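# Structure at a glance
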Amino acid sequence: MNGTPQVRRGVGGFPTTPQQNASRADGLRSPNGSTPRPNVRSSLPDLPCAPPQPSTGPLIPSDILDPAQQRFYVFALYVALWAYRTYDFYTLAVEEDESLWLCLKWCFFDMLFMFGVPLLEIPWLEWGNGAAFLLFAMHAGVDVMLMFRIGIPVQAWLVGLVGFLWDSELAISERSVKPGTILHNASLILGKQIINILPEGSAILNPNRQSFCLNSTVTQLEIPIMINQTEPYEMEILRIDIDTMVNETIIVKRGELKNMLKKARKAAKSAEPDDPLTLAYSVKKPGIYLLKKVMDQSKLLVRPRSSNLIVTTCPQARVKPTGTNRCRSDLSNVALEVEGTPPLNIKYRLTVNGKPRGGSQFQNLQPEDAISPLSRHTSQALVKSGHEDISWARSHKILVPLNETLTTSGSWEYEIEEVQDGLGNFVSYQNVDDDERPKPKIAGIRQLFEVHERPTAFLKGCNHQTPLRVPKGNSARLPVFYGSTGKRAIDSSHTIEYLFTAQENIVADGYHSPDATLQKQVMRKGEQPTIKSAGLYTIKSVSTEFCDGEVYEPTSCLLQNPLEPDLVLDSEDIVDKCAGNPIGLRVGLDLVGSPPFTVVYLEQKDKGRKVRKPPLQIASVRSTIDLTPQDAGHYEYFFESISDSVYPEKKLYNIQLQQNVRPSAQAHFVESSRPKQACIDDAVEFDVGFVGEAPWKLEYEVVHNGKRVKHAIETENAHFTIRTDKLSSGGEYVVALTSVTDKANCKEVLKEEARVIVRHERPKAYFGHIEGKQTVMALEGRQIALPLRFSGSGPWLLEYENLKTKEVKKGSFQNPNAWLDINTDGTYQLLSVQDSVCPGLIDEKADQFDVSWVGRPSLSVPETSAVFEGSKYIKEAVCEGDEDSFEISLSGNAPFEVSYRQEYKDKKGKTASVSEKDIQTVGGTASIRSETSRAGIYEYTFLKLADVRYDHSNKHFSPVTIQQTVHSRPGARFDKPGKTYSYCSRESEGEEVIPITLEGIAPFYLEVEIKHQGTPKPEISVHKNIPTNKYDLKIEHRKMHLGHSSILIRKVRDSRGCTFKPAPGGPRVQISVHDAPTATSLEERHDFCVGERLSFALSGQIPFTVYYTFEKQERKASNPGTTFRRLAELPGTFTITGLRDSASECLATLALTKTIHPIPSVQLSGGQVLEIDIHEGGGTDLEFQFWGTPPFEFTYTRSTNANKGRKSKVLEIRTEVSHEMSMSIPVQEEGTYEVVSIKDRWCSFAKSGEGYEGKSGQKMLTY
């Protein structure tokens, strides 16, 4: 911006002439001021320098913001001020104070701008004080007219400007039209007839460039041949075999062509006769077809257009079968085989376990050794004459391998969806029922295989440290456990391979020997291999029918055959010291085998029955036992079998022992040695058994509290029952056997004793206390433990009853301070008790316990809040925005927690919002505020209820729903806010009404406020029972004042009682009252033509509203000036019926009538461009049709037929007169005939640019 002129400071300064850099005195320099131009030989003499001008530049330095940008920002500020000014004008109300304030505001803004901009000293924006004042005065005048709404003829100015720029006028239809489109309407003269002498026809093969193919199901095709302006007599088609490239000429004879023409005409019977026909010729062989020759019925050759048609074998694809089973983690190993003319496209999809997993598409598939030219050119460009190389059209097979890792087991399916060749032949394997496409064979388009899990195996419970020990000669199961790579084992047979080394061949380090054998077994589901030989077994592999698996550690197992168990005995007698008689046998056992051992033996007394004795359990290989029968006799012992931890049982032969036993006298208690329990005052009995020879004398004593009472009895029986006296004291009694004497008089001292514990009192049961009471309140459903107290010796058997349910139960308790668990309320009473020894007593003072439930919380809706209908509570409807609430009643243990869902449905019943809310209350009543912000249906569903004791339970609480309808507020608005309506001071018909749109449910109640200018108190106009939503407001004349008045909507109420009061300062309309205008015609004539102008002079105050009828249709027009002018665009009767000006808005009744006649029109050949082919010497007729008022005078021309590159020349001009509406003229000459002008009784019209004089419709013709 170095060329920007620097200007003088100060208001009123003008810019000086733009200067270059002041350094010209230093000689001529290059543009950057560095070096002189090289082609200047000598410098010119220096000019005298002008005295320097005192210039400091703009107020804002140029290095901060250059002058051009400053000018842009000033202009942007000016535009913004005008936008703001326009906004104020648009929103202006009519009060004088507001208008005055806005006017003063904008005058102040304009003064600041006009006088402030020159102070910035921006170049080209520094005007003088006089210019600033003039600009301010102009803007102030505009401000006054805008803010006080003083009428400005802007519309007239704009109409004049638009008419000057676009040359358009308002027509009678009140739309802007260009006179030229009416005066030069080309549609008035339509039609052209072109006469030719037998032009040549044409034929083209495959005009739509379709693709064709054959396969096993589509063996015949109909190829299209389009003919135009000819009827072929004979046709030659060239077929080139794609595989052999041999040419074959097909001649289509006349008879076959007739059938083809007949079918084509039948198919095109609804088309125009001159339209081209498409013949269908059947072919059965693939190849490239060219239309070589066409001859019409006049033996003339028809020019065939260059085109070809390729019929190939339809593309096909298949999935090459590769087996139906795979293993997990294998590759899919699937191949797609595509056959057709390359480049080929194929699309397939993959489904895994019935779920689509995606698919893919391969495009531009071509053989590896060649690239098809179809990828760059179309077939039409590759074959033109039939001598080209067509090897690219041959069919090829292309293999597309698919390999992806099979990560999921189950069913995998690859399926081909579609295939397309390079010629556009498309085969879809999904829509096989489409008749327009060839139906492919479905076989081979999919590959389905099953992906199996891989098996796993390992040994469990056997290794080198814990070998598998099996009896010699027996077999065992190798403990193989099966698994898989999936979640569970494979449900099929397994093949196990394992390595075996005999025990004697195992090497020193415990591994297999080199001559180990590999064995293989096929196991059924879950079956384990059977092994028998001792040695080392190692699993090498595991597999199923389809997959090889993996072997996990441990993999080796050692099988051993231990020695069979055996037994060796030695024995000695046990002798009584008193009598010297043998009393038993001590036997030593030496064992061989794997401990522990089990020895089974039999005992036989005095050759009686053999009795099996309890087996001997021996934990080591050496043991000793004593065989001491209690009864005298001859005893024999037979050792029958032995077993150890490996061998189940081995028979023993000829291992026997025998002895004669004469035991010494003995006595013992038959019962166990545990103390007996007895109740007080009960007698106790003890059974005593004797050993030896009868009779026996037994001495015993009863000891209690240090006192001994001796007793003696004699008996012949081997068993005797001792019965004590009643035990009257509590405590411990000891019954001790002191001595026994048998027949041999050998007195044996005894140490046998039995103890009796005598209870001091009987057991007792009673209820304990909870918090000092034998009553309890608990939460429903909770298990309650009632305290029980027992005395005596446990366990105690207690019988109790629930008096509420009459249910009697029994329970056993071990602890004297026990708890009785119950989960049912009622009064529980103890019935009886018994401890381990004695029946007991129930304490009657504490034999009952009361159990009751704490009441659950409940929710109810008072009748004052809502009425229950059906399954929900219905609350009274309210209006939108009104304050409303409802109450719910709560019972239980405060505080309460309530959760409810608030669902809002709009007017269409669609759920618009859902929210959940929680409330907490400490009282029995909760008030909930209703939502009324939006109209619709609100449902409050109480979902959860809990109090301080009970959590929410879906089982015990059913949701409660309260529904309330919120009616929308009514609305009222002016359809045209801000509009000023004019009225007469006297009431007349057709006065304007103020349209108001009401929203809500009728009938409505409406109040409007009429505020007269200069009157502080407004008038109220009330309108009741408005039945519809559209209302035409009519103001009573008695409430109208001369001048301007504002009308506002004060209040509206609908039938539901909902009220809406608009905010103050809302939209309003204006009304005013005045008197009537007049109109006179500027031309005396009565008849006009379309395209002429109707002019009328108007008197009154602009703008005017003109009411008129045209062809019985009432119209009105706004006219900004005192002359009403309209262009006659249509014929008819025009009558001005009324006039209204802007001052009065009163309608003056008029009757000014003008008749508008149409411009005549003519059509040649029905208004169409008609080409007629005639033979030389033949003829035809020109058909003319006229519209207008007869008689008609018209002029037409004959011109040469237009050729490419040459203009048509007029050969002759003729004029004819017709008194009818149509006329026919015969012609024989070749050429183009068209009408150039037309006249009727009233009007005329001529084509422009035809070299023929004539103007449209200004003169009337007379005959």
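Look up: the structure comes first, before these words.
As the structure is a prediction and not an experimental result, all values here were calculated from the model.

About the thresholds
Residues numbered from 1 in each chain as written. Predicted model: local features only at pLDDT ≥ 70, side-chain atom pairs only at ≥ 80, totals over all residues. Heavy atoms only, no water. Helix = DSSP H or I, 4+ residues; strand = E, 2+ residues; numbered from the N terminus. Buried < 20%, exposed > 50% of the residue type's maximum accessible area, 1.4 Å probe, protein only. Contact = heavy atoms within 4.5 Å. Areas by Shrake-Rupley, 256 points an atom, 1.4 Å probe, with all protein chains shown as cover. Phe/Tyr/Trp six-rings, centres within 6.5 Å; stacked < 30°, edge-to-face > 60°. Lys NZ or Arg CZ within 6 Å of the ring centre and 35° of its normal. Salt bridge = Lys/Arg side-chain N within 4 Å of Asp/Glu carboxyl O. Expected span 1.5 Å × (residues − 1). Arc of directions from axis to C-beta. Pairing = 2+ DSSP bridges. Core = buried A, V, L, I, M, F, W, Y, C linked by side-chain atoms within 4.5 Å. Disulfide = S-S within 2.5 Å.

Helix and strand content of the protein chain: seven helices and 93 strands. When each of the 1263 residues of the protein chain is scored for burial, the buried share is 41%. Taking all contacts inside the protein chain whose residues are at least 6 apart in sequence as the whole, residues at least 24 apart take part in 68%. Of the roughly 71,300 Å² of accessible surface on the protein chain, a fraction of 50% belongs to carbon and sulfur atoms.

Using the criterion set out here, one finds 36 aromatic pairs in the structure. Centre to centre, the rings of phenylalanine 458 and phenylalanine 481 are 6.2 Å apart; their planes meet at 20°, and the pair counts as stacked. Here phenylalanine 458 is found in strand 23 (residues 455-459), whereas its partner phenylalanine 481 is found in strand 26 (residues 480-484), with 23 residues between them in sequence. Among the residues examined, phenylalanine 481 registers a relative accessible area of 35% and is labelled partly exposed. Their ring planes at 55° and their centres at 6.5 Å tell us that tyrosine 601 and tyrosine 637 sit as a pair that is tilted. Here the residue tyrosine 601 occupies a position in strand 35 (residues 597-605), and tyrosine 637 occupies one in strand 39 (residues 633-643), the gap between them amounting to 36 residues. Each member of the pair tyrosine 601 and tyrosine 637 is classed as buried. Through a chain of ring-to-ring contacts, the aromatic side chains of Phe886, Tyr900, Tyr904, Tyr938, Tyr940 and Phe942 assemble into a single cluster. Between lysine 460 and the ring centre of phenylalanine 481, over which it is positioned, the NZ or CZ distance is 5.1 Å. Taking the ring centre of tyrosine 1005 as reference, the NZ or CZ of arginine 1053 above it sits at 4.4 Å.

For the structure on display, the rule yields 44 salt bridges. Of the charged contacts in the structure, one is a salt bridge between glutamate 939 and lysine 872, with a shortest N-O distance of 3.0 Å. Here lysine 872 lies in strand 62 (residues 872-879) and glutamate 939 lies in strand 67 (residues 936-946), a separation of 67 residues in the sequence. In this structure lysine 872 comes out as partly exposed when scored by relative accessible area, which is 22%. Connected through salt bridges with shared partners, the residues Lys347, Arg349, Glu413, Glu415, Glu417 and Arg446 form a single ionic network.

Given a rise of 1.5 Å per residue, 14 residues ought to cover 20 Å, and the 20 Å separating the end C-alpha atoms of helix 6 (residues 254-267) matches this to within 8%. Those residues of helix 6 not exposed but buried are Leu257, Met260, Leu261 and Ala264. Looking straight down helix 6, one finds that the buried residues subtend no more than 100° of arc, so they occupy a single side. Those residues of helix 6 that are exposed and angled more than 90 degrees off the buried face are Lys262, Lys263 and Lys266.

On to the pairing of strand 62. Both strand 61 (residues 867-869) and strand 62 contribute to a ladder of three bridges, which runs antiparallel. Its bridge partner lying in strand 62, glutamate 869 is registered against lysine 872. Between strand 61 and strand 62, which follow one another and run antiparallel, lie two residues, and glycine 870 among them has a positive phi close to 70°. In this structure, strand 62 lies alongside strand 68 (residues 960-967), joined through five bridges in parallel fashion. Bridge assignment links cysteine 879 to a residue of strand 68, and that residue is histidine 967.

A few words on the nonpolar core. Among the nonpolar cores identified, the biggest contains 41 residues, and Tyr1108, Phe1124, Phe1134 and Phe1184 are the most heavily contacted of them. The leading source of residues in this core is strand 81 (residues 1104-1110), at four residues. What phenylalanine 1134 contacts, discounting residues up to four positions off in sequence, is Ile172, Leu1094, Phe1096, Tyr1108, Thr1109, Phe1110, Phe1124, Leu1152, Thr1153, Lys1154 and Ile1156.

Let us now look at the state of the cysteines. Any covalent bond linking the sulfur atoms of two cysteines counts as a disulfide. On inspection of all chains with the given rule, the structure shows six disulfides. Covalent S-S linkage joins cysteine 213 and cysteine 314, the inter-sulfur distance amounting to 2.0 Å. Taking the torsion about the S-S bond as the criterion, the cysteine 213 to cysteine 314 disulfide, at about 85°, is right-handed. With cysteine 213 in strand 6 (residues 212-214) and cysteine 314 in the loop between strand 13 (308-313) and strand 14 (316-320), this pair connects stretches of sequence that are 101 residues apart. We note that cysteine 213, like cysteine 314, is buried. Sulfur-sulfur distance for the disulfide between cysteine 879 and cysteine 1058 comes to 1.8 Å. Every disulfide takes its handedness from the sign of the S-S torsion; for cysteine 879 and cysteine 1058 that torsion is -90°, giving left-handed. Highlighted residues: cysteine 879 in strand 62 and cysteine 1058 in the loop between strand 75 (1045-1053) and strand 76 (1059-1060), separated in sequence by 179 residues. The exposure classification of cysteine 879 matches that of cysteine 1058, with both residues buried. No disulfide involves cysteine 103; its sulfur sits 4.2 Å from the nearest other cysteine sulfur, which is in cysteine 107. Owing to a relative accessible area of 6%, cysteine 103 belongs among the buried residues under this scheme.

All we've got here are geometric facts, nothing functional implied.
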